Amino acid sequence: MKYGFGVDVGGTTVKLGLLSEAGELLEKWELPSRTENGGENILPDIARSVQDCMARRGLSRDDCLGLGIGVPGPVDASGMVNRCVNLNWGVFNLHDALGILTGLRVRAGNDANCAALGEFWMGGGSGCRSAIFVTLGTGIGGGVIVDGRLLTGAHGVGGELGHIEISAPDKAPCTCGKRGCVEQYASANGIVRVTKKRLAESAEPSCLRAMEHFACKDVFDAARGGDAFAVETLEQVFDYLGEALADACCVCDPERIILGGGVSRAGDYLLRGVERHFRAHMFHACKDTQFALATLGNDAGMYGAFRLLA
């Protein structure tokens, strides 16, 4: 039996896992992401922690397939990182740098792509050959798997689903510099923004008006409770996301669309709403595209990072 490590690096926390080659997560733990001084401590911290685990379990380099790592920024196939702002990293080769520190074979990818690969392999995409994974959180990320392989693209930004431009009339500015990106409408922050905008433009009654500050979850709770304004707002959000996913499917034709991230905790209310609007926008040949919720939660990135070693 061979073993390997899956590492998911975030701006606050590094999640690490020891997995068997069959995909069993044997152990997982976390480290703080020490981003001070240009993030110079992050890789040495990871290397020490991995080596401690190997020593504790009596594993040699020959027992290990290597180490897969997902990071919050663009990474090309050679392992070249092109700035990870949240980590204060510049441009360098992650395969080489972490390989020297650990003595292990290293494969790196974007964190959202790794989460997509993990869900595809052991989560909501299990059993299919091609899938789109959408992370609906503070922003919108994701990844695309085609015929079992992660689509990274020429510049390491394959699967940037949040920056698909949709037909929203207000063309809200996005942090990427474009206008009308679906992230500004269907992420957690986007849903709150859309709701506040509609409240300001309408006199329609809603329980949300009594809340000085509300979150995305409050909009879903209001809709489930029968608040007509919240229901209408989410129908608009679902339509925007359904439109973006229908456009994406014309490019990569997935068997399944997997919805993950914090917003996906809304469960079937979100899933069926988005699917219904997707059907209204889709190219007819995509009629058999399935919808599913992510199942791995915060472990998806570790699974996917490990899977990069395959």
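A brief look at the structure comes next. None of the values given here were measured: they were computed from a predicted structure.

1. Notes on the overall build of the protein
Argument step 1. If you tally the helices and strands in the protein, you get ten helices and twelve strands.
Argument step 2. Its C-alpha atoms give the protein a radius of gyration of 20 Å, near enough to 19 Å, the size a compact globule of 310 residues would have.
Argument step 3. Principal-axis analysis of the C-alpha atoms gives the protein an extent of 65 × 45 × 35 Å.
Argument step 4. Scored against the burial criterion, the 310 residues of the protein give a buried share of 53%.
Argument step 5. Summing over all exposed atoms, the protein offers an accessible surface of approximately 13,700 Å²; the carbon and sulfur share of this is 50%.
Argument step 6. Separation between the mean location of the 30 positive side-chain charges and that of the 37 negative ones in the protein comes to 1 Å.

2. Some thoughts on the packing of aromatic side chains
Argument step 1. Within the structure shown, the criterion is met by eight aromatic pairs.
Argument step 2. The interplanar angle of 65° and the centroid separation of 5.0 Å between the aromatic rings of Tyr185 and Tyr240 together place this pair among those described as edge-to-face. In this pair, Tyr185 is assigned in helix H5 (residues 183-186) and Tyr240 in helix H8 (residues 228-252), connecting sequence segments 55 residues apart.
Argument step 3. Counting every residue linked through ring pairs, the aromatic cluster contains Trp121, Tyr303 and Phe306.
Argument step 4. The ring of Tyr185 has Arg193 lying over it, and the distance from NZ or CZ to the ring centre is 4.9 Å.

3. Focus: the nonpolar core
Argument step 1. Counting 48 residues, the largest nonpolar core has Ile132, Val134, Phe220, Leu245, Ile257 and Leu270 as its most contacted members.
Argument step 2. For this core, the secondary-structure elements that each account for two or more residues are strand S8 (131-136), strand S9 (140-146), H5, helix H6 (188-201), helix H7 (216-224), H8, strand S11 (256-260) and helix H9 (268-281).
Argument step 3. The element contributing the most residues to this core is H8, with 13 residues.
Argument step 4. Once residues lying within four places of it in the same chain are set aside, the contact partners of Leu270 are Leu136, Phe220, Phe238, Leu259, Val263 and Ser264.
Argument step 5. Val7, Ile42, Cys84 and Val106 belong to the second largest nonpolar core, which has 29 residues in total.

4. Some words on helix H4 (residues 111-122)
Turn by turn, an α-helix covers 3.6 residues, leaving residues three or four places apart pointing in a common direction.
Argument step 1. For H4, which comprises twelve residues, the first-to-last C-alpha distance of 16 Å matches the rise-based estimate of 16 Å (1.5 Å per residue) to within 8%.
Argument step 2. Along H4, ten of the twelve residues are buried, which leaves the element largely enclosed by surrounding structure.
Argument step 3. Where H4 begins, one side-chain oxygen reaches toward the backbone nitrogen of Ala112, 2.9 Å away; that side chain belongs to Asn110.

5. Looking at the sheet that holds strand S7 (residues 106-110)
Argument step 1. Spatial strand order, S3-S2-S1-S4-S7: five strands in an open sheet with mixed pairing. Because the sheet does not close on itself, it has two edges, and the strands there are strand S3 (25-32) and S7. Between one strand and the next, the sheet's axes are offset by a mean angle of 15°, whatever the strand orientation.
Argument step 2. Those strands touched by helix H3 (residues 94-102) are strand S4 (64-71) and S7, and its axis lies near 140° from that of S7.
Argument step 3. Packing of H4 onto the sheet brings it into contact with strand S1 (3-9), S4 and S7, and relative to S7 it is tilted by some 105°.

6. Observations concerning the pattern of salt bridges
Opposite charge on two side chains permits them to pair, given that their charged atoms come into close proximity.
Argument step 1. Applying the stated criterion across every chain yields a total of 15 salt bridges.
Argument step 2. Its salt-bridge partner being Asp221, residue Arg224 comes within 4.0 Å of it at the nearest N-O pair. With a gap of three residues between them, Arg224 and Asp221 both fall in helix H7, about one helical turn apart.
Argument step 3. Taking relative accessible area as the criterion, Asp221 reaches 33% and is therefore assigned partly exposed.
Argument step 4. Taken together, the salt bridges that share partners define one network made up of Glu27, Arg56 and Arg57.

7. Comments concerning the sheet that holds S9
Argument step 1. With respect to topology, five strands assemble into an open sheet ordered S10-S9-S8-S11-S12, the strand pairing being mixed. A single partner strand is all that each edge strand has here, and the edge strands are strand S10 (149-150) and strand S12 (290-293).
Argument step 2. Pairing analysis gives five bridges linking S8 to S11, with the strands arranged parallel. When the bridges of S11 are listed, Phe133 appears paired with Ile258.
Argument step 3. Packing against the sheet, H4 makes contact with S8, S9, S10 and S11, and its axis sits at approximately 50° to S9.
Argument step 4. Of the strands in this sheet, S8, S9, S11 and S12 touch H8, which is tilted by about 150° from S8.

Conventions and cut-offs
- Residues numbered from 1 in each chain as written.
- Predicted model: local features only at pLDDT ≥ 70, side-chain atom pairs only at ≥ 80, totals over all residues.
- Heavy atoms only, no water.
- Helix = DSSP H or I, 4+ residues; strand = E, 2+ residues; numbered from the N terminus.
- Rg over C-alpha atoms; globule rule 2.2 N^0.38 Å.
- Buried < 20%, exposed > 50% of the residue type's maximum accessible area, 1.4 Å probe, protein only.
- Areas by Shrake-Rupley, 256 points an atom, 1.4 Å probe, with all protein chains shown as cover.
- Lys, Arg positive; Asp, Glu negative; His and termini not counted.
- Charge placed at Lys NZ, Arg CZ, Asp CG, Glu CD.
- Phe/Tyr/Trp six-rings, centres within 6.5 Å; stacked < 30°, edge-to-face > 60°.
- Lys NZ or Arg CZ within 6 Å of the ring centre and 35° of its normal.
- Core = buried A, V, L, I, M, F, W, Y, C linked by side-chain atoms within 4.5 Å.
- Contact = heavy atoms within 4.5 Å.
- Expected span 1.5 Å × (residues − 1).
- Polar contact = N/O pair within 3.5 Å; in protein donor to acceptor, adjacent residues only side chain to side chain.
- Pairing = 2+ DSSP bridges.
- Axes fitted to C-alpha atoms, helices over the stretch in contact; angles between N-to-C directions.
- Salt bridge = Lys/Arg side-chain N within 4 Å of Asp/Glu carboxyl O.

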